[in-house]
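# An overview of the molecular structure
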Amino acid sequence: MEIRRGIGVSAGYAIGEALVFDREEYRINRRTISAREVDGEIERFRKAVQAAAADIRSQLAAMSKKVRDVAGSILEAQVMLLQDPTLAEELSGEIRNHAHTADYATSRTLRRKIKLLEDSDAEGFAKRVLSDFIELEKALLRHLVGGRKDDTPTLSAQAVIVAHDLSPSQTIKLDRTKVLGILTEVGGLTSHTAIVAKSLGIPAVVDVESIASDVSSGEMVIIDGTTGTVIIEPDEGTLKRYQAMERNYLLTEQRRAKELHDLPAVTTDGTRVEIFANIESPEEIPTALNHGAEGIGLYRTEFLFLGNSFNPTEKDHLDAYIRAVTLLGKRRIIIRTLDLGADKMPHDGAEEREANPFLGTRAIRLCFEKPEMFKTQLRAILKAASRGNVEMMIPMISSLAEVRQVKEVIEVVRQELRREEEPAGDGMKLGIMIEIPSAAVVADMLAPHVDFFSVGTNDLIAYSVAVDRANGRVASLYQPAHPAVIRLLKQVIEAGTKAGKSVSVCGEMSSDINFTLLLLGLGLRNLSVVPFIIPDLKKLIRAISIQECQAIAAKALTFDDGAACLDFLKSETQKYLPDTA
């Protein structure tokens, strides 16, 4: 049994076999074979050895004499390892004695050797052998899995996904009914993996060093998404203890959701707070409503692009939006236009890579650059508005000039639809996300030109404190309670309220129970959150008055240190919701 620590980004427990999806992106499933298949699998392994050795010899032959004199011995050593009869016998024994496939036996055997050398702090010759084993595993798997790489792990049964990282396109293709938990080597509290896992209620731990190398597919893994604890191959007592904890956690969550489902979020002094849900696809709407959501405050449409080779048709858009509207009835839904770019760009796309995508062609900037793609989405949203309570939201606005440009494009699309005698979304509300500091500072100038604000705290914080939110090395500097962030929030809420415009927060801060009292105290009356936090939010809101929230916010504004402010907010939250640590 081995215990590791990471960052817990989505609460809950996951217990099951690992499915490792490593940096090479080969899918190595743990699959047993019948006795009659054993000889065939051993022969498949031997052929992979021959092919891998031939590849290395080809590399040697292609080298110039000068390069071969320097690096040739490294490749020759790898050929010798490949043809080592002891290694061949060990791998054949793994296939024969455990009825494993050749690819699983190869990965499992070589990773054991790799881990043994890593744990010994290999130096000198041993370190070179470690590097050789890593290269051999890649070389053999290239042939054993048919020389191809899988873009997304395919789950034949429920499993815990273990990876270096998961891209947005990989995440959207996962069979969510079979993902027990997610475990990655990189990421932070607001990384894409964290956002998706939290929105789906999938326990997740990120920033666990070398976990994709240290765990083999098929090994039993326990994830505690609250504490960030990961247990590899737990003993029987530990396994039983966590199984009981998992059952208790699920029962508690179900009871809370049922008790509070039909109760409004009203403070003790009668102030009504609206709670909406964030979703990635229409299929998540039933879960959101079951947890007490009043509608959808953020529909992230980028997954339509990622699931359609970055080029969804108008029909793809419209079908998805109509499914959502049908499920919601008369409830409100806010559809956000494309927000791809930076960490959300598809890793295999044809788009030119930017040196600094976080400050580059993102979201509305990309839409202006690709007007036909933008108009296709606008047409579908405007048509869908005739079917239900649909509103549109534009991300990454930095200036009033961009708002005016957006409205001009929308009007052009409306005119096209009218000429075609199609619904043109007349009267549909248009809002913007406030997530760039420049927009927050001039919120009073923007407010008269839009119908509502929704604060995207993830990017607002990242841009304000200059931190890449997915970089574990600077994760400690990403502080939602930073004095500058709280002041910007106060300024935006006041500007929107003064102009008579609705203001919401749809970023991760709204889904963190420790910031609820602060946000209410600053004047917020609308939250858009991950569905699974709604019962706790309702319970907290129904236990406090707005006057008490205002006092907490006033105190929070006096702190000059983000960490100290967060400690204060946590302590205040626990007074009203003791079971939220």
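Our subject in this report is the structure included herewith. A quick note: this is a predicted structure, and the numbers were derived from the prediction, not measured.

Sheets are built from strands that pair by backbone hydrogen bonding, the pairs being arranged parallel or antiparallel. With mixed pairing, eight strands are arranged side by side in an open sheet as 1-8-7-3-4-5-6-2. Of all the strands in the sheet, just strand 1 (2-5) and strand 2 (7-10) have a single pairing partner and so form its edges. Put simply, the sheet's adjacent strands are angled 30° from each other on average, direction ignored. Sitting on the sheet, helix 9 (residues 236-260) is in contact with strand 3 (13-21), strand 7 (220-224) and strand 8 (229-232), with an inclination near 115° to strand 3.

For the pair helix 22 (residues 546-556) and helix 23 (residues 562-576), the least separation of the axes is 10 Å and the interaxial angle reads 165°. Overall, the two elements helix 22 and helix 23 adopt an arrangement that is roughly antiparallel. The interaxial crossing formed by helix 22 with helix 23 has right-handed handedness. Counted together, Glu548, Ile552, Lys555 and Ala556 of helix 22 and Cys565, Phe568, Leu569, Glu572 and Tyr576 of helix 23 form the full contact between these two elements. In terms of residue class, the contact of helix 22 with helix 23 is made up of six nonpolar, no polar and three charged.

This part is about the environment of Lys555. Here Lys555 lies in helix 22. Considering only alpha carbons, one finds Lys555 and Phe568, 13 residues apart in sequence, at a separation of 9.0 Å.

Our focus in this paragraph is the packing of aromatic side chains. In total, this model carries five aromatic pairs according to the counting rule given. Arranged with centres 6.0 Å apart and planes meeting at 70°, the rings of Tyr13 and Tyr242 form a pair that is edge-to-face. Taken as a pair, Tyr13 in strand 3 and Tyr242 in helix 9 lie far apart in primary sequence, 229 residues in all. Between Tyr13 and Tyr249, the ring centres sit 5.9 Å apart and the planes meet at 85°, which makes this aromatic pair edge-to-face. Here Tyr249 lies in helix 9 and Tyr13 lies in strand 3, a separation of 236 residues in the sequence. A residue is classified by how much of its surface remains accessible, and Tyr249, at 25% relative accessible area, is partly exposed. The rings of Tyr13, Tyr242 and Tyr249 are connected pair by pair, giving a single aromatic cluster.

About the cut-offs
Position labels on residues start from 1 in each chain and follow its written sequence. Totals for whole chains, interfaces and linings use every residue, but because this is a predicted model, local features are given only for residues with pLDDT of at least 70 and side-chain atom pairs only at 80 or more, for both listing and counting. Heavy atoms from the whole structure form the basis of all side-chain values; hydrogens and water molecules are not counted. Strands pair, by our definition, only if DSSP identifies at least two bridges between them. Only DSSP runs of H or I with at least four residues qualify as helices, and only runs of E with at least two residues qualify as strands; both kinds are numbered from the N terminus onward. The convention used is that axes are lines fitted to C-alpha atoms, helices contributing only their stretch in contact, and that angles between N-to-C directions extend from 0 to 180 degrees. In this analysis, two residues are considered to be in contact whenever any of their non-hydrogen atoms come within 4.5 Å of each other. Orientation categories follow fixed angle ranges, with anything under 35 degrees roughly parallel, anything over 145 roughly antiparallel, 65 to 115 roughly perpendicular, and all other angles oblique. Left-handed describes a crossing whose near helix is turned anticlockwise from the far helix by less than a right angle; the clockwise case is right-handed. Lys, Arg, Asp and Glu make up the charged group, whereas Ala, Val, Leu, Ile, Met, Phe, Trp, Tyr, Cys and Pro make up the nonpolar group; the residues left over, Gly among them, are polar. Stacked, edge-to-face and tilted labels apply to pairs of Phe, Tyr and Trp rings (six-membered ring for Trp) whose centres lie within 6.5 Å, assigned for plane angles under 30 degrees, over 60, and everything in between, in that order. Using a 1.4 Å probe on the protein chains alone, a residue whose accessible area is under 20% of its type maximum counts as buried, one over 50% counts as exposed, and one in between counts as partly exposed.

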